[in-house]
Amino acid sequence: MLDLSSFIGEFLNIIYQMGINDIIDIAIVTYLFYKIFMFIKDTRAEQVLKGILVLLVATGASKIFKLHTIYWLLVKSLEVGFILPFIIFQPELRAGLEHIGRTKLKIFQKQREISEEKFNHIIDEIVEALYSLSRQKIGALIVMERETKLNDIINTGTILNSEISRQLLINIFIPNTPLHDGAVVIRESKIKAGACFLPLTQSKDLSKDLGTRHRAGVGVSEVSDCLTLIVSEETGGVSIAKSGKLYRDITKERMRSILSHNLKVRKEEKSSFIGGLFK
């Protein structure tokens, strides 16, 4: 028979005995769970987390109601299934650890002096190249490295270390040229490499009409904090991928605004770029 009064009494007794340390402890754990949930929101891991929470609630309820067989089955399921999320969601775990690794104290951040004029010039060169390729319906894939370093991807391509210019970017993606098949990676204020291979996303949410170029653009944004700029060869549409999300049919002015907002220099931070494009 269920003894609810005893359970409620124990619960209230725990609350009455709570001190300031307990409140701080609970607040920190709550904040951590909130940050984890926001990080995995709209991903496969979110559905698994919801499933685990349902199992935990069901386990607690079966214990309270003294449903011994169900309780035993649920406990054993949780024990056996504890390791499965680490195997199934290895990409999400890797992205999470990289996100933690990107958190640095400002005192250790490397500062680089760059003028706002040069920043705006670089943004203009990239945007003009994108929409010139768009008008010609020439496919393009540009990865703008931020704080997560992409050496493993850069090493799959051809090292360039060239100044950013619209002419060079356009020429790279002209069909049948040596570097057109693959992605360009921009690091700091340089075109670091061309013809790079990117990981493909496994997301089922992307439209079926999107090809390998868009899936690669989303894929690399899932495992790093980069911005990926994509020009469709079929439609000429310009898209941007960030944090595993694809935003399609971006207008020229909106693209300029997005890049400026994500990479804008702040003088109060000694001209270090937000997002780390020029770190």
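Small disclaimer: the values here were computed from a predicted structure and weren't measured.

## Observations concerning the overall build of the chain
Looking only at helices and strands, the chain has 11 helices and nine strands in total. Within the span of the chain, comprising 279 residues, buried residues form 36% of the whole. Expressed as a percentage of contacts within the chain between residues at least 6 apart in sequence, the contacts between residues at least 24 apart total 63%. Element-wise, carbon and sulfur atoms account for 61% of the exposed surface of the chain, whose accessible area totals about 17100 Å².

## Things to note about the confidence of the model for the chain
Residues of the chain with pLDDT of at least 70 account for 76%, and the chain-wide mean is 81. Note on residues 104-111: pLDDT is under 50 here. Beyond four places in sequence and across chains, it has nine contacts. Below pLDDT 50 for its whole length, residues 265-279 participates in 54 contacts with residues either more than four positions away or in separate chains.

## Comments concerning the nonpolar core
Formed by 33 residues in total, the largest nonpolar core has its most connected members in Ile126, Leu229, Met255 and Leu259. If you list the elements that add at least two residues to this core, you get α7 (116-135), β1 (140-144), α9 (166-173), β3 (183-187), β4 (190-196), β5 (227-231), β6 (238-242) and α11 (252-263). Broken down by element, the residue count for this core peaks at nine residues, all from α7. With near-sequence residues (within four places) excluded, methionine 255 lies in contact with Val127, Leu130, Tyr131, Leu229, Val238, Ser239, Ile240 and Ile250.

## Quick word on the pattern of salt bridges
If you walk through the whole model with that rule in mind, you get 10 salt bridges. A salt bridge links arginine 213 to glutamate 233; its shortest N-O distance comes to 3.7 Å. In this pair, arginine 213 sits in helix α10 (residues 212-222) while glutamate 233 sits in the loop between β5 and β6, placing the two residues 20 residues apart along the sequence. The partly exposed category is assigned to arginine 213, whose relative accessible area is 24%. On the accessibility criterion, glutamate 233 (44% relative accessible area) is partly exposed. Salt bridges linked by common partners bring Asp124, Glu128, Lys252, Glu253 and Arg256 together as one network.

## Focus on α7
With 20 residues, α7 should reach 28 Å at 1.5 Å per residue; the first-to-last C-alpha distance of 28 Å fits that figure. Residues of α7 that are buried: Phe119, Ile122, Ile123, Glu125, Ile126, Val127, Ala129, Leu130, Tyr131, Ser132, Leu133 and Ser134. Lysine 137 sits one or two residues past α7 and shows a positive phi near 55°.

## Overview of the sheet that holds β5
If you walk across this open sheet you meet the seven strands as β2-β4-β3-β1-β5-β6-β7, and the pairing is mixed. Only two strands of the sheet have a single neighbouring strand rather than two, namely β2 (158-163) and β7 (245-247). Sheet twist, expressed as the mean angle between neighbouring strand axes with direction ignored, is 20°. Contacts from α7 reach β1, β3, β5 and β6, with the element oriented near 30° to β5. Packed on one face of the sheet, α10 meets β1, β5, β6 and β7 and runs near 175° to β5.

Parameters at a glance
Residues numbered from 1 in each chain as written. Predicted model: local features only at pLDDT ≥ 70, side-chain atom pairs only at ≥ 80, totals over all residues. Heavy atoms only, no water. Helix = DSSP H or I, 4+ residues; strand = E, 2+ residues; numbered from the N terminus. Buried < 20%, exposed > 50% of the residue type's maximum accessible area, 1.4 Å probe, protein only. Contact = heavy atoms within 4.5 Å. Areas by Shrake-Rupley, 256 points an atom, 1.4 Å probe, with all protein chains shown as cover. pLDDT = per-residue confidence, 0-100. Core = buried A, V, L, I, M, F, W, Y, C linked by side-chain atoms within 4.5 Å. Salt bridge = Lys/Arg side-chain N within 4 Å of Asp/Glu carboxyl O. Expected span 1.5 Å × (residues − 1). Pairing = 2+ DSSP bridges. Axes fitted to C-alpha atoms, helices over the stretch in contact; angles between N-to-C directions.

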